[in-house]
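One-letter residues, chain by chain:
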Amino acid sequence: MLKHFFVLFCVLFLTTSIFAQDNPKVTSLSIKYAIDIALKNHPDIQKSKYAISAAKGRYSRDISLPSPNLSISNEFIPKGQSIGNFDERTVEVSQGFDFPTLYFARGSRATAEINAVSSQSDQTINEIRSSVKMAYYTALAKFKLLKIAEENINIATEFFKKAEIRYNVGEGTNLELLTSKIQLSEAKSFIGTATKEYQTALSELNFAMGSNSNIDYANLKFSDSLYYKPYSLSVTELTDRSLQMNPHLKQAEFDLKFSQINKQIAWMNLIPSFNASYLFQSTATNSNYYGVSLGMSVPLWFMLDQKGQILEANANIQVSSYELQGVKNTITQNINSAFIDYVNDEKQVNLYQSELIPQAEEIFRTADLSYQAGEITYLEFLQAKFTTINARINLIKSLFDYEEAIVNLEKSTGIIIE
């Protein structure tokens, strides 16, 4: 008996496990988790990592000495004889090198490039974080609108059924029936649009996270919500902090430093480079000779080569300077614009939460009581219900606009607002 019970238990356990695997798991997704996924999987993040590695590789290359030269020459070989019948053989090892200060300058230039690429990577992280937040809030807002659309179609369906019954028993008018049909058609259109927009928002969220396939979007649950969180923000303080910390601005500053060091290197190229050699020499009768040589390059064509490098470096400094100023102007403008949106959207949220939503709910409560008492028609009652629904829809949109303004401030400043 115990054996049969054990077999039955194993069968039930395996069957339950199989069905559990077939059933899709509901995924609870928070903004933090979505950002973590994006920062691990997004192609732009991986590309930034390799860009930094490439810049570090160029650092080693820039401070490295050129490869030494090894040459062997057999000379004074009688015509018709083999190469081994030489009268003189020379084995020479030579090494070229620039003036030492040039290597320090190249190292500084490579360091500036590494810092610029690292700042660009920070800017990429900032943009991806902002994109994920916006995609998350968009999907969340569309989900809430879809739920309201489902509630709306239930109300419209109930309205149509009651209007049809009232019309058939002679209590309702044809106008009431036609109105209910229109309301139902609009509700179906609304839910169709809301469903499509929600699916599109999920697709955009998936793209923002680096096209992650481990998320079960069909059963997705949002851990975070749209709600009003007040902040004490000052446009002056945000601008000042951004001009010190913004990764886009840091990148432009390092690009300018890179151009300035390039100018120094262009002038240093006027300094001669050097070449040292050591020779082992032998003749047919004696192999104990050696020789040394030391040479230097003469910048004979400095009017063309070095002068051109200096002119190019000066021009690049001007370009980088104007780019830096342009980045500062853009950052300041974006912060001002985002802050104006933030102030206006905050007012809208407060207006809906403190006045419009309570008023709409009071209208609906009053209409409900009046309808139950027979003081108003069902059509009037439903109009009050639709007024409440529209107020809720507008509240969701205003909360989304508020979150969007915060995200735009974070993106413009490079600062996480908490």
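Cut-offs applied
- Residues numbered from 1 in each chain as written.
- Predicted model: local features only at pLDDT ≥ 70, side-chain atom pairs only at ≥ 80, totals over all residues.
- Heavy atoms only, no water.
- pLDDT = per-residue confidence, 0-100.
- Contact = heavy atoms within 4.5 Å.
- Helix = DSSP H or I, 4+ residues; strand = E, 2+ residues; numbered from the N terminus.
- Buried < 20%, exposed > 50% of the residue type's maximum accessible area, 1.4 Å probe, protein only.
- Axes fitted to C-alpha atoms, helices over the stretch in contact; angles between N-to-C directions.
- Parallel < 35°, antiparallel > 145°, perpendicular 65-115°, else oblique.
- Nonpolar A, V, L, I, M, F, W, Y, C, P; charged D, E, K, R; others polar.
- Patch = residues over 30% accessible without salt bridge, like charges linked within 9 Å, V, L, I, M, F, W, Y side chains within 5 Å.
- Areas by Shrake-Rupley, 256 points an atom, 1.4 Å probe, with all protein chains shown as cover.
- Salt bridge = Lys/Arg side-chain N within 4 Å of Asp/Glu carboxyl O.
- Left-handed = near helix turned anticlockwise from the far one by under 90°.

Moving on, we get to the confidence of the model for the chain. Low pLDDT marks stretches whose predicted atomic positions should not be read closely. Per-residue confidence for the chain gives a mean pLDDT of 84; residues scoring 70 or more make up 92%. Every residue in residues 1-24 is under pLDDT 50, and counting partners more than four places away or in other chains gives two contacts.

Along the chain, the position of Lys-385 falls in helix α9 (residues 378-413). Residue Lys-385 is classed as buried on the basis of its relative accessible area, which comes to 17%. Lys-385 has contacts with Glu-151, Ile-155 and Phe-364, leaving out every residue within four places of it along the chain.

In this section: the environment of Tyr-322. For Tyr-322, the position within the fold is in helix α8 (residues 305-372). On the accessibility criterion, Tyr-322 (63% relative accessible area) is exposed. Residues Tyr-322 and Ala-252, spaced 70 residues apart in sequence, show a C-alpha to C-alpha distance of 9.7 Å.

Looking at the secondary structure, you find Lys-257 in helix α7 (residues 247-268). What makes Lys-257 partly exposed here is its relative accessible area of 43%. A C-alpha to C-alpha distance of 10.0 Å links Lys-257 and Thr-111, two positions 146 residues apart in sequence.

The geometry of helix α4 (residues 100-168) relative to α9 is characterised by a closest axis approach of 10 Å and an angle of 175° between their N-to-C directions. By the criterion of interaxial angle, the relationship of α4 to α9 is roughly antiparallel. Its residues assigned to classes, the contact of α4 with α9 shows 16 nonpolar, four polar and 12 charged.

To continue, consider a nonpolar patch on the surface. The grouping of Tyr-278, Phe-280, Tyr-290 and Val-292 at the surface amounts to a nonpolar patch, some 460 Å² of accessible area in total. Examined against the element boundaries, Phe-280 turns out to sit in strand β5 (residues 274-283). Taking relative accessible area as the criterion, Phe-280 reaches 45% and is therefore assigned partly exposed.

Contact geometry of α4 with α7 gives a least axis separation of 8 Å together with a crossing angle of 165°. One element, α4, and the other, α7, form an angle in the roughly antiparallel class. Handedness of the α4/α7 crossing: left-handed. Tallied by class, the residues present in the contact of α4 with α7 amount to 10 nonpolar, nine polar and seven charged.

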